[in-house]
Amino acid sequence: MNKPLLAALSSLAIAGVGAAPAVAAPQAKAAAAVTVNFAGTVSLSNCSGSVIRFPNSADTDPALVLTNGHCLETGFPAPGQVITGQSSSRSFGLLNASGSRVGTLRANQVVYSTMTDTDVTIYRTTTTYAAIRSTYGISPLTVQDTHPTAGTAIKVVSGYWKRTYSCNIDGFVYRLKEGDWTWKDSVRYTSACNTIGGTSGSPVIDTTTGKVVAVNNTGNEDGERCTENNPCEVDANGNVTVRQGINYAEETYLIPACFTTGNKLDLSASGCALPKP
């Protein structure tokens, strides 16, 4: 996993975190491409995240924050475990376009968290999208509700490190196995997205639409096979591939179907395919 910060300090030192933030090489973009910056991203105590909305969310709905399941403050969810409705008072540093912290958001609930099939935690905050926009001039990021496409240009935007990684979706992994956890249909980045510990939970943003298509979560650090911090790819026939130095994310397009009016979780809703408790 792109480990929570405290678990990652030794590897981060090796990675040269004290150096200036990486700057992506200029790339030719279509005229319709949007500007991707830090607005709407958040910093957690040990991870990154973002304020998200769904296509049918209303401005008056409670704002939601997306990060990884392995960033949950109460510890990693066990394989097969799904957490819903858990009380939380976690705080998030809200960033503006330039990456400056402009305010603090606070959760009152872990709406959903799991590391089974995917690696996500979704928090409900004590404020609304409209209030955030009125106070800070910042809008949420919209979660795309269709499957991402191979070759898409993306940015991984880390609110913790205030660092952006630019690359493309290289492809999709049938099963991504790391230690005791297995994730389905994961996103594989091209090598330019060399994410590090603390980038866990960063939104993966399509640079053409500006929408969130995945949440950054892991990478193979040492070339080991299917161990923690060294995920392996498993195809439909059970063949295992190890790609040292390659990083991954978990798709988010399945999430919107599981939320109904008022940003309320409904795992029984039509089309909801997220793991259930």
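Refer to the structure above for everything that follows.
Residues numbered from 1 in each chain as written. Predicted model: local features only at pLDDT ≥ 70, side-chain atom pairs only at ≥ 80, totals over all residues. Heavy atoms only, no water.

Trainee: Outline the packing of aromatic side chains, supporting the account with residue identities and numerical values.
Mentor: The way to describe two aromatic rings as a pair is by their centre distance and the angle between their planes. For the structure shown, the criterion picks out four aromatic pairs. Relative to Trp181, the ring of Phe76 has its centre 5.6 Å away and its plane inclined at 75°; by these criteria the two rings are edge-to-face. With Phe76 in the loop between strand E3 (62-67) and strand E4 (82-87) and Trp181 in strand E11 (residues 181-189), this pair connects stretches of sequence that are 105 residues apart. Accessibility expressed as a relative area gives 8% for Trp181, which makes it buried. Here the aromatic rings of Tyr160 and Trp161 are separated by 4.9 Å at their centres, their planes lie at 75°, and the arrangement is edge-to-face. The class of Tyr160 is partly exposed, set by a relative accessible area of 21%. Between the NZ or CZ atom of Arg53 and the centre of the ring of Tyr129, over which it lies, the distance is 5.6 Å. Geometry around Tyr174 places Arg175 over its ring, the cationic atom sitting 4.0 Å from the centre. (Phe/Tyr/Trp six-rings, centres within 6.5 Å; stacked < 30°, edge-to-face > 60°. Helix = DSSP H or I, 4+ residues; strand = E, 2+ residues; numbered from the N terminus. Buried < 20%, exposed > 50% of the residue type's maximum accessible area, 1.4 Å probe, protein only. Lys NZ or Arg CZ within 6 Å of the ring centre and 35° of its normal.)

Trainee: Hey, could you go over the environment of Thr118 for me, with residue numbers and the actual values?
Mentor: With respect to the element layout, Thr118 can be found in the loop between strand E6 (101-114) and strand E7 (120-128). Separated by 156 residues in sequence, Thr118 and Leu274 place their C-alpha atoms 8.4 Å apart. Apart from residues lying up to four places away in sequence, Thr118 is in contact with Trp183, Glu250 and Glu251. (Contact = heavy atoms within 4.5 Å.)

Trainee: How would you summarise unusual backbone geometry if you had to cite specific residues and measurements?
Mentor: Of note, Cys226 is a non-glycine position whose phi angle comes to about 65°, a positive value. By the element assignment, Cys226 lies in the loop between strand E13 (212-219) and strand E14 (232-234).

Trainee: Account for the pairing of strand E2 (residues 48-53), naming residues and giving values.
Mentor: Most of E2 is tucked away: six of the six residues are buried. As judged from the three bridges shared by strand E1 (residues 41-43) and E2, these two strands associate in the antiparallel manner. Along E2, the bridge assignment pairs Thr41 with Ser50. Here E1 folds back onto E2 in antiparallel fashion, the turn holding four residues. Both E2 and E3 contribute to a ladder of three bridges, which runs antiparallel. What sits directly across from Val51, in E3, is Val65. Bridge count for E2 against strand E8 (residues 141-142) is two bridges, and the pairing is parallel. Among the inter-strand pairings, Ile52 is bridged to a residue of E8, identified as Leu141. (Pairing = 2+ DSSP bridges.)

Trainee: Provide a residue-level description of the state of the cysteines, including the pertinent values.
Mentor: Throughout the structure, instances matching the rule amount to four disulfides. Note on cysteine connectivity: Cys226 is disulfide-linked to Cys232, with sulfurs 2.0 Å apart. On the sign convention where negative is left-handed, the bridge of Cys226 and Cys232, at about 100° about the S-S bond, is right-handed. Cys232 sits in the buried class, given a relative accessible area of 0%. Sulfur-sulfur distance for the disulfide between Cys258 and Cys272 comes to 2.0 Å. With the S-S bond torsion at 100°, the cross-link from Cys258 to Cys272 turns out right-handed. One end of the pair, Cys258, is in the loop between strand E16 (247-251) and strand E17 (259-260); the other, Cys272, is in the segment after strand E18 (264-265), with 14 residues separating them in the sequence. (Disulfide = S-S within 2.5 Å.)

Trainee: Report on the pattern of salt bridges, specifying residues and quantitative values.
Mentor: Considering all chains together, one arrives at seven salt bridges under this definition. Put simply, Arg53 and Asp59 hold a salt bridge, and the shortest N to O gap is 3.1 Å. With a relative accessible area of 14%, Arg53 lands in the buried category. Given a relative accessible area of 35%, Asp59 falls into the partly exposed group. (Salt bridge = Lys/Arg side-chain N within 4 Å of Asp/Glu carboxyl O.)

Trainee: Can you lay out the pairing of strand E10 (residues 163-178) for me, pointing to particular residues and giving the numbers?
Mentor: Regular strands place side chains that alternate from one sheet face to the opposite one. When strand E9 (residues 153-158) meets E10, the two strands line up antiparallel, connected through six bridges. Note on E10: the bridge partner recorded for Lys155 is Ser166. Between the antiparallel neighbours E9 and E10 lie four residues, among them Lys162 with a positive phi of about 55°. Between E10 and E11, which pair antiparallel in sequence order, lie two residues; one of them, Gly179, sits at a positive phi of approximately 60°. Inspection of the sheet shows E10 paired to E14 by three bridges, in the antiparallel sense. In the sheet register, Arg175 faces E14, and the bridge partner there is Val234.

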